[in-house]
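# Overview (structure and organization)
The chain contents come next:
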Amino acid sequence: MKPQVTSALLAATLTLSAPSLMAELVTDDFRGDELSNEELLSLSLEEVMTLEVTSVSRKKQRLMDSAAAVYVVTQEDIRRSGAKTIPDALRMVPGVQVAQMNSNTWSISARGFNYVFANKLLVMMDGRTLYTPEYSGVNWDVQDTLMEDIDRIEVIRGPGAALWGANAVNGIINIITKSANETQGSLLTLGAGTAERFYGSYRYGGHLSEEAHYRAFFKSFKRDGFLNSDGSDAADDWYINRAGFRAEWQKSEDDFLSVDAAVFDGQVQPPLNIFDSNQSAKVPFNDKTKEQKGGHITGSWKRKTSDKGDFTLKGYYDRYENTDYRIAAARDTIDIETQHRFQLTEQQEIIWGVGYRSSWYKLKDMNFVVVNEEKPIERLYSAFIQDEITLNPEWHLTLSSRLEHHTDTGYAFQPNASIAWKMNDRTTAWAKVSKAVRTPSISERKADVNGVYLIENPALPPNTYLSIGRNQELDSEKLTAYEFGIRQQLTNTLSIDLTSFINEYKGLHSLVSSSICPDGTTFNLGVCAENALPPTFYFLPATLENGLDATTYGLELALDWSATDWWRIKSDITLLQVDATRLDEQDFSRQTESLVEGLSAEVLANVRSMMDLSSNWRLDTWVRYVGKNKSADVDAYAALDMQLAHQFNEELEFSLVGKNIFESSRLEFNEYFTGLVATEIEESWYAQVQWKF
């Protein structure tokens, strides 16, 4: 029997047998009468169903009433999972695939198309966009904050472009941190283990008056590297130091001001296997460090204009620098946006706003990448409007749209229509149709990438590398999505959330053949040969075009069951099918078609068990299953995480966490176009002490 299957069966057995094994251990004090503010199951099932979310309609509304496939990862979920990174916390979300390629690189997507450059997911933290326009994706290694300060992570599967803009194609991840008022006093966290070599953080919150609060924090960690396929150390360890603050001022009953900022500095060591022109061959680079630093400052002003109306002005400045061996870049971004909400009639509520974003870059000292502009600038102008119409107490219709103008791709119109039927207080059904676009990145429109990917094809000369040329005429990818869902609290202890969807993509970016050669080479017989006799290396030229269509079908089911008043189980399963259609018969198009169809697992599943035992002990078990990723050549696997924690008093807590238990090593993701070497994750343990004072 495979080790992965053994792990899953063992975990399932433990979860199912635990009540009988522990019945004698559980007493009435599990309810935490001594520790009421730290109670494990702090949200009852009914409270969870009435939990408010803001990402669906840019205002607070009940989760139960939301006409979208929304899932909320709460602070308790994070605490009970043992997750030390935001990507690990996202593994809990139905429909979201998280794969770690090496110690510091993740591939995260929703509803398919998982890749290192997963480019159809818009990620935000407190309203600040974390999406990276250089290559259309997210630098997950530098997206961080105190995990204890995260209030919730709202994840919308499906388009949200009508309100949030381009690139919110397959979903939105909105990381929302706690207010300064909720984080008063001191919090010290220290931990160490096998993969988590050392981490520590300190946060202090105070107040200047009853209306003004603040907090400041410092966080540092050093994480061990993974393993190579032969079991040797991959040396991809890394560290980051981070500091930040948040301040809030309730200036008057109607005015609220806030500002937050953070800076970070760190170093990663990504293992590379790329072309070296000095050796005319593909060779490993294990000594190329990647320095990263940056920071942001965000300000917000919200004024209450009526009992059911308000106006918000928000802006931020963001800076990011890296010294990657392949591409060194610095990016500055300024973003400003307004939002006005008001009641048009008793049955109609309007939300509208305008925005402007400008990003400018400095690209220098690069290997393998040639950009036709050393200092490119991108500007985005946007306007959106939403009309929420109460047809009657049971039916609610929402119409929204967003108009954007991008300096490279021009205008984009992204509409949305949804309807929610509140059958009763415990059941809501909804349907939604929407459109979204994904704009091309700088690397796709303005960059040539040469010599990263070695093509092993007997029909080509040895040492032939892929050369991807720029296409400044590349258009945006387009999506039309159809969704249907139902949420129901079946009993006081069991709720269900079911979503089905069909996504139709047009003009996906696909590789096609080209005859344009990199400098220093000449086109001959389908390849670009080095200008030397005899040539020692060759390039196969290609470019990107809107050459692929695709349709995805999916079903997402989540269950939340309070088995007893001391034991809760959350589970979910996702089924996904991707069918791609090439628009021509080129070899590259056939390969891209196959790549897109196999990029994501067809089955994802989670089972999380949370138990509150006697004497303030907690036991948490998490089993997850990820199906085969054909394009990445990664087999299906099951993983087991466990956490045992003891709360000594209101101030002091100790926890012991095991990740990927019974796993010697496992490959989660692999790809070929970036030069990154995939390394294997292994079983790890860490111990943590947390002190509030």
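Keep in mind it's a predicted model, so treat the numbers as computed, not measured.

## Quick notes on the overall build of the protein chain
The helix and strand tally for the protein chain stands at 7 helices and 38 strands. Since a compact globule built from 693 residues should have a radius of gyration of about 26 Å, the 25 Å found for the protein chain is in line with a globular shape. With the C-alpha coordinates aligned to their principal axes, the bounding extent of the protein chain is approximately 85 × 60 × 45 Å. Here the protein chain, with 693 residues, has 57% of them falling under the buried criterion.

## Remarks on the sheet that holds strand S7 (residues 128-129)
In spatial order, the strands read S3-S8-S9-S6-S7; together these 5 strands make up an open sheet with mixed pairing. Strands at the two margins of the open sheet, each flanked by one partner only, are strand S3 (69-74) and S7.

## With respect to the state of the cysteines
The final tally for this structure, using the stated rule, is 1 disulfide. In this model Cys517 forms its disulfide with Cys528; the gap between the sulfur atoms is 2.0 Å. The S-S bond linking Cys517 to Cys528 shows a torsion near -80°; that makes this disulfide left-handed. With Cys517 in the loop between strand S29 (494-513) and strand S30 (521-524) and Cys528 in strand S31 (residues 527-530), this pair connects stretches of sequence that are 11 residues apart.

## Points about the packing of aromatic side chains
Under the definition given, this model contains 14 aromatic pairs. Between Phe537 and Phe539, the aromatic rings sit 5.6 Å apart at their centres with planes inclined by 70°, giving edge-to-face as the arrangement. With respect to burial, Phe537 and Phe539 carry one shared label: buried. Members of the aromatic cluster, joined through ring pairs, are Trp106, Phe221 and Trp238. Above the plane of the ring of Phe501 lies Arg111, whose end atom (NZ or CZ) is 3.9 Å from the centre. The positively charged end of Arg624 is found above the aromatic ring belonging to Trp622, 5.0 Å away from the centroid.

## Comments concerning the environment of Glu545
Structurally, the position occupied by Glu545 is in strand S32 (residues 538-564). When neighbours within four sequence positions are excluded, Glu545 is seen to be in contact with Asn471, Leu474, Leu508, His509, Ser510 and Val512.

## A short note on the side chain of Ser66
Relative to the elements of secondary structure, Ser66 occurs in the loop between strand S2 (61-62) and S3. Residue Ser66 is classed as buried on the basis of its relative accessible area of 0%.

Quick notes on the rules
Residues numbered from 1 in each chain as written. Predicted model: local features only at pLDDT ≥ 70, side-chain atom pairs only at ≥ 80, totals over all residues. Heavy atoms only, no water. Helix = DSSP H or I, 4+ residues; strand = E, 2+ residues; numbered from the N terminus. Rg over C-alpha atoms; globule rule 2.2 N^0.38 Å. Buried < 20%, exposed > 50% of the residue type's maximum accessible area, 1.4 Å probe, protein only. Pairing = 2+ DSSP bridges. Disulfide = S-S within 2.5 Å. Phe/Tyr/Trp six-rings, centres within 6.5 Å; stacked < 30°, edge-to-face > 60°. Lys NZ or Arg CZ within 6 Å of the ring centre and 35° of its normal. Contact = heavy atoms within 4.5 Å.

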